[in-house]
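What the coordinates show
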Amino acid sequence: MHNSILCLVLSRCTFLSLLILLFGLLLSHRAPAQTDTQQHLHIDSTPKWVIERDITLAEDIPFDELSDGIFYQLLDNQIKVDNAGNRQSYSRFVESLVNQTAVEESAQINIDFDPSYQKLVLNSLTVIRDGKRINRIANTKMSIFSRETELDNQLYNGDLTLNILLDDIQIGDTLDYSYTRIGANPVYKNVFSYHRSVNWSVPLGKQFIRVLWGKQDPLSVSTRNTEVHVDIKQLQGFFEYNVQLTNNKVVKTPSETPDWYDPYGKVYFNEVSKWQDVVDWAYPMYNFGEPSASVTSIADEINAKHTTPSEKIVAALQFTQENIRYVGIEMGMNSHVPTHPDETLVLKYGDCKDKTSLFISILQALDITAYPALVDTDDTKLLAELPPSAGVFNHVIVWLENNGKTFWLDPTLSHQQGKLTQLYQPDYGYALILKDGVTGLSSMEKEETQFYTHVTEIYTIPTEHDLPANLKISTAYTGYQALRRAWQLEQYGKNELAQDYEAFYQGIYSSLSTSTPMSISIQHKSGEFVIDENYDIATYWEKGDEHFEADYYPREIRSAIFKPKQITRDAPIAFEYPNNVKVMTHLHFEEDGWEFEPESFSEENDFFYYSSSVNFNDNILTLAYEYSAKVDHIPATRTQDYLLARDRVLDDAYYGIMKYADEATNSDSLSTTEGNWLESVNWVIVIAIAIGLCLIFIIVDWRIESSKRPSFEGTVFYPIHPSKFIVLSLVTFGTYTNYWMYRNWKAISAKTEEPISPFWRGFFAVIWLYPLYKALVNDSNDNYQKNKVAPYWLGIVLVTLYIIFVIIGIGLDNTIWAFFSLGNVLFLLPFIYYISYRNTHSLEAQIFNSKWRVRHFLTILIFLPLLIFSVASTTSWLPSEKVITQSELNSRDLTFFYRHKIIPANETIQYFYSDATFNIRDDGNGFTNNTVFSYWKDDAGVLHKETIAFNAILDIEVNFSESEFENTVITVYVDNDESFVLFASTINDGDDIFVEELKKRWQQQRIN
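Parameters at a glance
- Throughout this description, residue numbers start from 1 for each chain and increase along the sequence as written.
- Reporting in this predicted model follows two pLDDT cut-offs: at least 70 for local features of residues, and 80 or more for side-chain atom pairs to be given and counted; totals over whole chains, interfaces and linings ignore these cut-offs and use all residues.
- No hydrogens and no water enter the side-chain calculation; it runs on all heavy atoms of the structure.
- By definition, any uninterrupted DSSP run of H or I lasting at least four residues is a helix, any uninterrupted run of E lasting at least two residues is a strand, and each is numbered from the N terminus.
- For each residue, the accessible area found with a 1.4 Å probe, counting protein chains only, is set against the maximum for its type, and the residue is called buried under 20%, exposed over 50%, and partly exposed in between.
- The contact criterion used throughout is that any non-hydrogen atoms of two residues lie within 4.5 Å.
- Accessible surface is estimated by sampling points in the Shrake-Rupley manner with a 1.4 Å probe; for residues, cover comes only from the protein chains shown.
- An expected span of 1.5 Å times one less than the residue number is assigned to each helix.
- A pair of strands is treated as paired once DSSP finds two or more bridges between them.
- To get an axis, a line is fitted to the C-alpha atoms, and for a helix only the part in contact is used. The angle between two axes follows their N-to-C directions and goes from 0 to 180 degrees.
- The salt bridge definition used is simple: a Lys or Arg side-chain nitrogen within 4 Å of an Asp or Glu carboxyl oxygen.
- Patch membership requires over 30% relative accessible area and the absence of a salt bridge. Like charges are linked within 9 Å, and nonpolar side chains (Val, Leu, Ile, Met, Phe, Trp, Tyr) within 5 Å.
- Take the buried Ala, Val, Leu, Ile, Met, Phe, Trp, Tyr and Cys residues and link them wherever side-chain atoms come within 4.5 Å; each set so joined is a nonpolar core.
- N or O atoms within 3.5 Å of each other form a polar contact, as long as, within protein, one can give a hydrogen and the other can take it, and as long as residues adjacent in sequence are counted only when both atoms are side-chain atoms.
- Throughout this entry, Asp, Glu, Lys and Arg are counted as charged residues, while Ala, Val, Leu, Ile, Met, Phe, Trp, Tyr, Cys and Pro are counted as nonpolar. The remaining residues, Gly among them, count as polar.
- Counted as positive: Lys and Arg. Counted as negative: Asp and Glu, with His and the chain ends omitted from the count.
- Here the site of a charge means atom NZ of a Lys, CZ of an Arg, CG of an Asp or CD of a Glu.

- Per an unreviewed UniProt entry, the protein carries the name DUF3857 domain-containing protein and comes from Agaribacter marinus.

**Regarding the overall build of the protein**
- From N to C terminus, the protein includes 27 helices and 44 strands.
- Within the span of the protein, comprising 1008 residues, buried residues form 48% of the whole.
- Looking at the protein alone, contacts between residues at least 24 apart form 69% of all its contacts between residues at least 6 apart.
- Working note: accessible area of the protein is about 49400 Å², and carbon and sulfur atoms make up 52% of it.

**Observations concerning helix α7 (residues 309-323)**
- Taking 1.5 Å per residue, 15 residues should reach 21 Å; α7 reaches 21 Å between its end C-alpha atoms and fits that length.
- Turning to α7, the residues buried within the fold contact α6 (293-305), α9 (352-365), β21 (395-402) and β22 (405-409).

**Concerning the pairing of strand β35 (residues 620-629)**
- Counting buried positions along β35 gives eight out of 10 residues, so the element sits mostly inside the fold.
- In this structure, strand β32 (residues 580-589) lies alongside β35, joined through nine bridges in antiparallel fashion. Looking at β35, one finds that Val-581 is bridged to Tyr-627.
- Judged from the 10 bridges that link them, strand β34 (residues 608-617) and β35 form a sheet pairing that is antiparallel. In the sheet register, Ser-611 faces β35, and the bridge partner there is Glu-626.

**Some words on the sheet that holds strand β26 (residues 469-477)**
- Taken in spatial order, the eight strands line up as β27-β28-β26-β25-β32-β35-β34-β33 in an open sheet, and their pairing is mixed. In this open sheet, the two strands that pair with only one neighbour each are β27 (512-522) and β33 (599-604). On average, each strand axis in the sheet is tilted by 10° relative to the strand beside it, whichever way the strands run.
- Sheet contacts for helix α10 (residues 479-492): β25 (453-461), β26, β27 and β28 (529-537); angle to β28, the most-contacted strand, approximately 70°.
- With respect to the sheet, helix α13 (residues 639-652) is in contact with β33, β34 and β35, its orientation differing from that of β34 by roughly 10°.

**Quick word on the pattern of salt bridges**
- Applying the stated criterion to the full structure yields 23 salt bridges.
- In this structure, Asp-173 engages Arg-129 in a salt bridge whose closest nitrogen and oxygen atoms are separated by 2.7 Å. Pair noted here: Asp-173 is in the loop between β9 (160-165) and β10 (174-182) and Arg-129 is in strand β5 (residues 119-129), with a separation of 44 residues, a long-range link.
- Residue class for Asp-173 comes out buried when judged on its relative accessible area of 1%.
- Overall, the relative accessible area of 16% leaves Arg-129 in the buried class.
- What emerges from the salt-bridge pattern is a single network uniting Arg-92, Arg-133 and Asp-176.

**Looking at a nonpolar patch on the surface**
- On the surface, Ile-685, Ile-689, Leu-693, Ile-696, Val-700 and Ile-704 cluster together to form a nonpolar patch covering roughly 570 Å² of accessible area.
- Turning to its location among the elements, Leu-693 is positioned in helix α16 (residues 683-708).
- Under the relative-accessibility criterion, Leu-693 is labelled exposed at 55%.

**Thoughts on the nonpolar core**
- Ranked by size, the top nonpolar core spans 54 residues in total, and within it Tyr-540, Phe-608, Leu-621 and Ile-657 carry the most contacts.
- By size, the runner-up hydrophobic cluster in this structure holds 35 residues, among which are Tyr-742, Val-777, Ala-790 and Ile-860.

**A word on the side chain of Arg-53**
- Examined against the element boundaries, Arg-53 turns out to sit in the loop between β1 (42-43) and β2 (70-81).
- Judged by relative accessible area, which is 16%, Arg-53 ranks as buried.
- Engagement of the side chain of Arg-53 in a polar contact is seen with the side chain of Asp-76, the distance being 3.2 Å.
- Non-local contacts of Arg-53, meaning those with residues more than four positions away in its chain, are made with Asp-76, Gln-78, Arg-92, Phe-208, Arg-210 and Asn-242.

**Focus on the side chain of Arg-485**
- By the element assignment, Arg-485 lies in helix α10.
- Those residues in contact with Arg-485 that lie beyond four places of it in its chain are Tyr-477, Tyr-501, Phe-529 and Ile-531.

**Topic: the sheet that holds strand β13 (residues 220-224)**
- The sheet built from three strands is open, its strands ordered β11-β16-β13 with antiparallel pairing. Edge positions in the open sheet fall to β11 (193-197) and β13, since each of these has one partner strand only. Between one strand axis and the next, the sheet turns by 15° as a mean value, whatever way the strands run.
- Across five bridges, β11 lies against strand β16 (residues 266-270) in antiparallel orientation. Residue His-195 lies in a different strand from β16, and its bridge partner there is Tyr-268.

**Topic: helix α17 (residues 722-731)**
- Those residues of α17 that sit buried are Pro-722, Lys-724, Phe-725, Leu-728, Ser-729 and Val-731.
- Once α17 ends, the next one or two residues include Phe-733, with phi positive near 55°.

**Examining the packing of α10 against helix α11 (residues 494-506)**
- Axis separation between α10 and α11 bottoms out at 7 Å; the angle between their running directions is 115°. Along the contact surface, α10 presents Arg-485, Gln-488, Leu-489 and Tyr-492, while α11 presents Lys-494, Glu-496, Leu-497 and Tyr-501.
- Residue composition of the contact of α10 with α11, grouped by class: four nonpolar, one polar and three charged.

**Thoughts on the pairing of strand β15 (residues 238-246)**
- With seven of nine residues buried, β15 lies mostly within the body of the structure.
- Here strand β12 (residues 204-213) runs beside β15; their pairing, made up of eight bridges, is antiparallel. Within β15, the residue paired with Arg-210 across the bridge is Asn-242.
- Pairing of strand β14 (residues 231-235) with β15, which is carried by five bridges, proceeds in the antiparallel orientation.

**As for a negative patch on the surface**
- Negative charge collects at one region of the surface, where Glu-964, Asp-989, Asp-992 and Glu-996 lie side by side.
- Residue Glu-996 is classed as exposed on the basis of its relative accessible area of 52%.

Following this line, the structure appears as structure tokens:
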């Protein structure tokens, strides 16, 4: 959240950035790069206090879990703090490079340090190749330069970077390098704190943490999300703390988690044990005494214009926000020590601590008491679970009380309008107020969240379907959304915003065009940021089969209750909060005769509140929707509850109307799609119940017939007409064949009185077919003195082919071959014909067995759709269950891709997979030579798509499925820390091919 807010308040002006850079260069008297390198590059042996670890390189590298092809064999962090607080920090890395990507990543080593208080010493640089260690310090190019990675955010920290450019690095090499940083930021006054994660998102072989503590009182040691043992002992006047781990668990953070969610195990070493100690350290830095004359003059101007304390607080805040631009010079002690308010007024710039100090000083001159409050914009609510430390904060805001209420205010924000009670402040979870007597953290949570987004849509619908309609939209934003829109207005300008908004609605109505220019207004009293739009829609109605139709969706609400990309998860889902949305859609009909029934719906649960209503008065249909989030996250254990609630809302959060060319429908069953009872029926449940009832009838009918089945004297085996046998066997996917085998073995058992189990011989028909063939041959020899079934060689061939085709049907993934294997029933026809021939003297049994009964037709009714679906799925008319290429796609589907700009018209799909059941247009993903794409339709039928160029992909993570019934999941990470998910079928190892080709093209684009 904080990063987003910073984006609102920081101007990315190139000219200003250059000024800041030049100023920083002047401050540090920066000499040419070569001089910097000579001045700051130090090379020395490993300090004597460091324990140098012997390491045997692991050979069982977990290749499938690696990222960028690097296996970290060793991570060793050792810190020494003497009794005066002087600090040295030693770090050693041992990295094995298993592919070309690893070579490219690790051939350059970058080490940052702050020259204002740190000295960087390179201790070792070794390449291990074929078991030999090669010292590379002497012949490796090293440079020191300033990167200023936060300059775009107007922050200049003065850090330098040692760049080590290694040559002759090969796949299979292992890098072993170490360095020591000497010194600590004096702003902490030698108060020590250190923490480190013991879990990584990639495998880490051996890791060590060692702290040599030379002060008298021992450190406060704590852990989080881990049960790691910390060994503590005395060593030559020092406390020695040791942690040693081998192959600790790899931890992956799922997508869409809250900022405060941190599943990684961590170890903390802190000199302080109470938050009060942090207050005692920080509070004096913000004590500047009585306000100066320059500050008092500002307060006098505010007093002259405003009367109430609330108005004065807002005026002082707006002065600080609007007159002091955000710039941070964060070198050394400046990282935490604020600038004097008088100096900030002269400079006209400052960072959070500078603007906070000035704001508090102005308030002090207004006889209003306020205090600094330290917050952590990254960990937010997690702060309450961390041990006390001065190093956990990265931002400072202002806390004050007025009229019995608590307020949190941030002078670094901008565009804030409205009364004091209407000012937006991000909830960072917890804050440490720098005030005498404060001993703990304070919660920033507010009971009421009055910030909102209100959307009013007014459609003017003409009398005729071919006349243009008009759409007016007024959207009022407050809180974070108001700040965001104000920032967009300054950043991009009104014309570009208007074009973006128009393009959005053109995605809904392709013939939409702007009627009057967009207008933007800011309500200074309420803080509302209001955007008014006016569009004409040339073709408003969508043509149906015999009618015209139009649909309406509260899009802001539907997007708020999003479906997470990862459903099965063990991490919470980030949920936007506060988020209050109202959508009012008014349909003004110029034609009389419309009628709509009033409706209402509400859904309230632990996550959000939603309500809707439909009303029709004076020829105006009003659709009212309201939504309020209750929480900032969905617990992982409640994901299904949330999704069920979401489904209920999505079922309600749309409305459709119909119009016939010659007349407007005037009954609810015709004018609204929601009034159509057919669409409200859950047909899946209906069909499942119908199938269940049919199966019950089939079983009951068969059992009744079995109990009353007549006995036909002289009948041997189980005679049946071949046509019935073939049809039922094919339709039931061979199941009827097992029944036919059962009936034959039952007849044999009755005749021979042998203790056999007909049921199991029918169940394992593939095993007992040959013994049945022998029984038929023996019967033929006994009655006809020769084999009338089939010659032995042919019988063996038929049985063998039957067995082979059954195995094909079970083992093959390809649907068409599985269906073709059902043709094995044809191999049984000689046996069928012999049994019929054998019972020619008693046709009653064959006539009875061959008769078509109701249960047989119900069986066909149940299984025939499955058979048709199996055949259709082998064609391009239904989505293939495999990963396919463009040549296997239907031309009409390719047209759909091009028309909806899912893929560029000049590119060819390399590999594609759709997880849809009936229509490939409902869901699918794949890639071309240059882009990766994914598309899907939500429950309302709205098409969503993601398309990203290969060269914009940051990383690709694959979770291979071990089951043929589940897809492999591929997560594609892009440069802006966003991601989307692809799926690939495991059938015929299609996922392996998909992933291999996807990564190959990604690597090619990265190289190019």
